[in-house]
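Chain residues, written in single-letter form:
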Amino acid sequence: MPERNPAPDFAATSLQDIARYAAENRPPPVEAWNPPHCGDSLMRIARDGTWYHEGSPIGRPAMVRLFSTILRRESDGSYVLVTPAEKLTIAVDDAPFLAVELKSEGEGRNRRLAFRLNTDDVIVAGPDHPLEIRNDADGPHPYLEVRRGLKALVNRPVYYELVELALAEENERVGLWSEGLFFPLGDE
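A brief look at the structure comes next. Predicted, not measured: the structure shown is a model, and the values here were computed from it. (Residues numbered from 1 in each chain as written. Predicted model: local features only at pLDDT ≥ 70, side-chain atom pairs only at ≥ 80, totals over all residues. Heavy atoms only, no water.)

What the six strands build is an open sheet, ordered 9-8-7-12-11-10; its pairing is mixed. The open sheet has two edge strands with one neighbour each: strand 9 (122-124) and strand 10 (131-136). Averaged over all pairs of adjacent strands, the angle between their axes in this sheet comes to 40°, without regard to strand direction. One ladder, built from six bridges, connects strand 10 with strand 11 (residues 139-147); its direction is antiparallel. If you follow Ile-133 over to strand 11, its bridge partner there is Pro-142. Running over the sheet, helix 3 (residues 156-168) touches strand 7 (97-105), strand 8 (112-117), strand 10, strand 11 and strand 12 (150-154) and is turned about 30° from strand 7. (Pairing = 2+ DSSP bridges. Helix = DSSP H or I, 4+ residues; strand = E, 2+ residues; numbered from the N terminus. Axes fitted to C-alpha atoms, helices over the stretch in contact; angles between N-to-C directions. Contact = heavy atoms within 4.5 Å.)

Written out as structure tokens, the structure reads:
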């Protein structure tokens, strides 16, 4: 499997070019692969986005990126690493991805929001990639749909950046538009 190009520098790249990168670097069609289940991968993805194998962190970012491209969420909510030949279970503490950087262009209904993930995936929030807030006992937790049931937890600094942008706009509700959809960022 060829290695993907690294994500572009968000600060120096237009959102149009970031969106083009995202479209050109799609992962393989794991949803079409139906190999037999072969066991447990002995891998885990922690809430902070760190990938572990047999309890030790995977230190090579290229390996994490590669594994992330063959990650799939099953209909029962479990996660697997899948190739055309085998399927292995993987434990995920919360969400398998972490949104670590934000790029915003435009304002109001013309705004577009792009997120860089800890795996160097790039996601533009919109109809195929909605942003949602889950309120738990310990506060709001923002998530971004990455692909086919896989979500990214938006890290706190990026969430605060989103809220700051939303508060600067005078919408009826606290939230932001991206790709023509409004995403509320809190309770009303």
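Having seen it, we continue.
Right, let's talk about the environment of Pro-96 for a bit. Inspection of the secondary structure assignment puts Pro-96 in the loop between strand 6 (87-92) and strand 7. C-alpha of Pro-96 to C-alpha of Asp-48: the two residues are 48 residues apart in sequence and 9.2 Å apart in space. Ignoring any residue separated from it by four or fewer positions in sequence, one finds Pro-96 in contact with Ile-45, Trp-51, Leu-71, Tyr-79, Leu-150 and Lys-151.

Turning our eyes to something else, we now look at the sheet that holds strand 4 (residues 71-73). Pairing in this open sheet of six strands is mixed, and the strands run 3-2-1-6-5-4 from one edge to the other. What marks the edges here is a single partner per strand, and that holds for strand 3 (56-57) and strand 4. Of the pairings in the sheet, the one linking strand 4 to strand 5 (residues 79-82) comprises three bridges and is antiparallel in character. If you follow Arg-72 over to strand 5, its bridge partner there is Val-80.

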